[in-house]
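Below, each chain spelled out in residue letters.
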Amino acid sequence: MSLLVLGLSHRTAPVGLLERASLTGDAPRRLLHAAAAAAPVGEAALVATCNRIELYADVDKFHAGVADLSVLLAEHSGVDLEELTTHLYVHYEDRAVHHLFSVACGLDSMVVGEGQILGQLRDALSLAQEQHTAGRGLNELFQQALRVGKRAHSETDIDKAGQSLVTFGLDRIAEVSGPVAGLRALVVGAGSMSSLAAATLARAGVTELVIANRTHDRAERLAATLGARTVAFSEVPAAMAEADLVVSCTGAAGIVLGAEDIAAAVAERAGTTPLALLDLALPRDVAADAHRLAGVHLVDLETMAEAAQSSAAGAVDVDAVRRIVGAEVDAFGAAQRAAAITPTVVALRAMASEVVGSELERLDGRLPELDDRARAEIAQAVRRVVDKLLHSPTVRVKQLAGEPGGASYAEALRELFDLDPAAVQAVAGTPARLPLQAAVGGESA
């Protein structure tokens, strides 16, 4: 597998661009299918979160893969290709594996060490499986990434330093509004992030927890698990006036909490404490100009990104996690290289078996007087000789294949024994890829 990663994240792009590039509705599925259908691509997966949009693809041509996936990402995100390109990063082969494993461990997250990314990677793999865009290569890669992430969290103290985006945001709220305990809280949305926020607030000891969602039944189910109450989505503006803290993450394509509704809620509120707003959505749920409203304290992904840049949280265990990632990347690469040579070895042994069988048939024709016992002894002796001749080179080539550049040994084996490429592909169980010009009916780029 020649793995290519192309994407943008909070590390390479401003939150405003990430917001414009965010994929809503059916866009992730459409982008995923378009990527998998691109000529250089064999398999594809998409990781789309609040902080990143990444395409993972098995490609047979690096430059063509980068060009095609960049165009597709621009088309489906609605961001001009020229603007998008300046913020994209590209990783290939071992560096791409290293990037995914680092992401899985929370090393590339806005809040270093956060564990939510594991669930998001699991969702990305599930989507690729459901849409039949991930084959054996990406399945194995993502499963291993999930194992590496779990290992990092179980073998180091990164969990102690790492926070979820929810707790990181609530800490920023607390810097101005004070502890969450004792506040009246309204959660808008009932998806995974909103559910985490509601559960976090319930554990923190808010005096009242209210949940609103466009699908009221979903809000009712979440509220029942937390001892909260619900309001209709249309009643959110009125519910804000009774809250001290509003957390919103709906996944809507447009603004959910407008500046006018927020200003009206502030005007109706009793007391002098500011109305705290935590916007965890991308694209944003809360109007950006709410920052300028008197009596409002707004924390959104942009302010959290700025805070995260100056935070040293997790630094103690970052080196330990990086060592785990490095070792796992080396092990994964060695295993992949060793596995890649197996079809060649199997094809070689199959060819040797055919030669032995053919020669034994010739022997039967030349020496028809041999009895069955003699024929069996001769056949066994010939097969033992062939097995012994092939044993050392095939064992050694498997060992060498696990090292960097090991693919050259498989190529040498195929050349030396004149193995049919189609026979090797048949053993591998995957059809040989057509050259790009044959696939598209023209010349390759």
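For clarity, every value in this text was computed on a predicted model and none was experimentally measured.

The rules behind each value
- Along each chain, numbering runs from 1 in the same order as the chain's sequence is written.
- In keeping with the model being predicted, local features are shown solely for residues with a pLDDT of at least 70 and side-chain atom pairs are shown and tallied solely at 80 or more, while totals for entire chains, interfaces and linings include all residues.
- Side-chain calculation: all heavy atoms of the structure are included, whereas hydrogens and water are not.
- Pairing between strands is defined by DSSP: at least two bridges between them are needed.
- Helix and strand definitions here come from DSSP, where helices need a minimum of 4 consecutive H or I residues and strands a minimum of 2 consecutive E residues; each element is numbered from the N-terminal end.
- For every element, the axis is a line fit to its C-alpha atoms; helices are fit only across the contacting stretch, and the angle between N-to-C directions ranges from 0 to 180 degrees.
- Residues count as neighbours in contact if any of their non-hydrogen atoms are within 4.5 Å of one another.
- Small angles under 35 degrees read as roughly parallel and large ones over 145 as roughly antiparallel, with 65 to 115 read as roughly perpendicular and the rest as oblique.
- Each residue receives one of three labels: charged for Asp, Glu, Lys and Arg, nonpolar for Ala, Val, Leu, Ile, Met, Phe, Trp, Tyr, Cys and Pro, and polar for the others, Gly being one of them.
- For every residue, the pLDDT score states the predictor's confidence, bounded by 0 at the bottom and 100 at the top.
- What makes a salt bridge here is a side-chain nitrogen of Lys or Arg within 4 Å of a carboxyl oxygen of Asp or Glu, nothing more.
- Burial classification: accessible surface area is computed with a 1.4 Å probe over protein chains only, and a residue below 20% of its type maximum counts as buried, one above 50% as exposed, and the rest as partly exposed.

A.B. asks: If you had to explain the sheet that holds strand β4 (residues 89-92) to someone new, which residues and values would you point to?
C.D. replies: One open sheet holds the 4 strands; their spatial order is β2-β3-β1-β4, and the pairing between them is antiparallel. What marks the edges here is a single partner per strand, and that holds for β2 (41-48) and β4. Taken over all neighbouring pairs, the strand axes of this sheet differ in orientation by 15° on average, direction set aside. As defined by bridge partners, strand β1 (residues 3-9) adjoins strand β3 (residues 52-59) across 7 bridges and the pair is classed as antiparallel. Its bridge partner lying in β3, Ser-9 is registered against Arg-52. The strands touched by helix α2 (residues 27-37) are β2 and β3; relative to β2, the strand with the most contacts, the crossing angle is about 155°.

A.B. asks: Give me the packing of helix α5 (residues 94-104) against helix α6 (residues 116-130): which residues, what numbers.
C.D. replies: At their nearest, the axes of α5 and α6 sit 8 Å apart, and the two run at 125° to each other. In terms of orientation, α5 and α6 fall into the oblique class. Of the residues in α6, those in contact with Leu-100, Val-103 and Ala-104 of α5 are Ile-117, Leu-118 and Leu-121. Across the contact of α5 with α6, the residue classes tally to 6 nonpolar, no polar and no charged.

A.B. asks: Could you give an account of the environment of Ala-219, naming the residues involved and the relevant values?
C.D. replies: By the element assignment, Ala-219 lies in helix α11 (residues 216-226). Distance from Ala-219 to Ala-340, taken between C-alpha atoms, is 49 Å for residues 121 residues apart in sequence. Those residues in contact with Ala-219 that sit more than four places away from it in its chain are Ala-190, Ile-211, Ala-212, Asn-213 and Thr-230.

A.B. asks: Would you mind going over the confidence of the model for the protein chain in detail, with residue names and values included?
C.D. replies: Taken over all residues, the pLDDT of the protein chain has a mean of 87, while the share at 70 or more is 91%. Confidence drops under pLDDT 50 across residues 430-445; counting only partners more than four residues distant or on other chains, this segment forms 21 contacts.

A.B. asks: Before we move on, could you go through the pattern of salt bridges and cite the residues and values that matter?
C.D. replies: For the coordinates displayed, the defined rule picks out 20 salt bridges. Two residues, Glu-208 and Arg-229, come together in a salt bridge whose shortest N-O distance is 2.9 Å. With Glu-208 in strand β6 (residues 208-212) and Arg-229 in strand β7 (residues 229-230), the pair connects residues that are 21 residues apart, well separated along the chain. The salt bridge involving Asp-319 is made with Arg-322; its shortest N-O contact spans 3.8 Å. One end of the pair is Asp-319 and the other is Arg-322, both in helix α15 (residues 315-366) and 3 residues apart, which spans about a single turn. You can call Asp-319 partly exposed: its relative accessible area is 43%. The class for Arg-322 is exposed, based on a relative accessible area of 51%. A single network of salt bridges, built from pairs that share partners, joins Arg-11, Arg-52, Glu-54 and Asp-108.

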